[in-house]
Amino acid sequence: MGFEVIPAIDLRAGRVVRLVQGDFAREQAYADDPLDVVRSFALAGVRRLHLVDLDGASAGEPRQLAAVASIAAAAGAAVRCELGGGLRSLAAVEAAVDVGIDRVVLGTAALRDPVLVGDVLRRLGPDRVAVALDVRDGRAVGDGWRPGAGGRPVEEALRDLGRQGVATFEVTAIERDGLLGGPDLELLCRVVEVGAGAIVASGGLTTLADLRAVRAVGCAAAIVGRSLYEGRLDLASAMAVAADGPPGEPGGNGQRVSA
């Protein structure tokens, strides 16, 4: 599969919002009806949506499965939906799958509960599981990014989870998230070079140049949010970058760079 551009739909109280650096007190609402947003993305040719249940992330269990079910139905069979936020038990994961989720995204639970990770991998297989590693000061943290949350070196987390069978990691530089300041390429280079699995870049992606840069360092995909909602990134152009082919291969227009 080639490079993917994955729009994010963050849900809080039924609305589409974005948080700045994961801070629930710094919320910007973009749409009251997420189905309108979903349909517009589907019409643009998006093949995967990244859904986040922010209420679930805060509560530690899913809170918006009814909305997620409606989104999955509106997206249609051609668009795969993944969900993160509050998936901290096998029952929660199964509930997400039951409402139409193609891939589940484990965050806090993946850092704390290797048994759960193993159970989910056996239940769904590695193609339907991703782990979100939210990174602050080089450490992967959980707990909804609350200040002071514990963590572990991101490279260590990648290696351990990769040995368990996790094949996809969504890496967010917390310091960049929601600020439209560009991706943390140094961090992304480091995590790609660990070689534990496919890396999905998240946090700060704003321009077509940002998408080309994260692809060039070896990322498999990029999650974009605020830049789309505020019109700073044109989705059709972003999809064209994704379709352009990996760097260094026929159809590509970039060169791989190293850290």
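Caption draft 1: Looking closely at the confidence of the model for the chain. Of the residues in the chain, 86% have a pLDDT of 70 or more, and the chain-wide mean is 88. Within the model, the stretch residues 246-259 combines pLDDT values under 50 with 27 contacts to residues more than four positions away or in other chains.

Caption draft 2: Fine view of the packing of aromatic side chains. Under the definition given, this model contains 2 aromatic pairs. Ring geometry for Tyr30 and Tyr229: centres 5.2 Å apart, planes at 15°, overall stacked. Of this pair, Tyr30 sits in strand β3 (residues 23-31) while Tyr229 sits in helix α10 (residues 226-229), and the two are 199 residues apart along the sequence. Aromatic pair Phe41 and Tyr229: ring centres 6.1 Å apart, planes at 55°, arrangement tilted. Linking Phe41 in helix α1 (residues 34-43) with Tyr229 in helix α10, this pair joins segments that are 188 residues apart in sequence. Each member of the pair, Phe41 together with Tyr229, is buried. Following the ring pairs from residue to residue traces out a cluster consisting of Tyr30, Phe41 and Tyr229.

Caption draft 3: Seen up close, the pattern of salt bridges. The tally for this structure, following the rule as stated, stands at 17 salt bridges. Here Glu82 ties to Arg48 by a salt bridge, and the two come within 4.0 Å at their closest N and O atoms. A residue pair is termed long-range when its members are at least 10 positions apart, and Glu82 in strand β5 (residues 80-84) and Arg48 in strand β4 (residues 48-53) qualify at 34 residues. A relative accessible area of 4% means that Arg48 is categorised as buried. Here the salt bridges share partners, and the residues they tie into one network are Glu4, Arg48, Arg80, Glu82, Asp102, Arg103 and Glu170.

Caption draft 4: Structural context of unusual backbone geometry. One non-glycine residue with positive phi stands out, namely Ala13, at about 55°. Position of Ala13 relative to the elements: it lies in the loop between β1 (4-12) and β2 (15-20). Note on Ala13: relative accessible area 64%, which makes it exposed. The phi torsion at Asp137 lies on the positive side, around 55°, for a residue other than glycine. On the basis of relative accessibility, which here comes to 67%, the residue Asp137 falls in the exposed class.

What counts and what doesn't
- Residues numbered from 1 in each chain as written.
- Predicted model: local features only at pLDDT ≥ 70, side-chain atom pairs only at ≥ 80, totals over all residues.
- Heavy atoms only, no water.
- pLDDT = per-residue confidence, 0-100.
- Contact = heavy atoms within 4.5 Å.
- Phe/Tyr/Trp six-rings, centres within 6.5 Å; stacked < 30°, edge-to-face > 60°.
- Helix = DSSP H or I, 4+ residues; strand = E, 2+ residues; numbered from the N terminus.
- Buried < 20%, exposed > 50% of the residue type's maximum accessible area, 1.4 Å probe, protein only.
- Salt bridge = Lys/Arg side-chain N within 4 Å of Asp/Glu carboxyl O.

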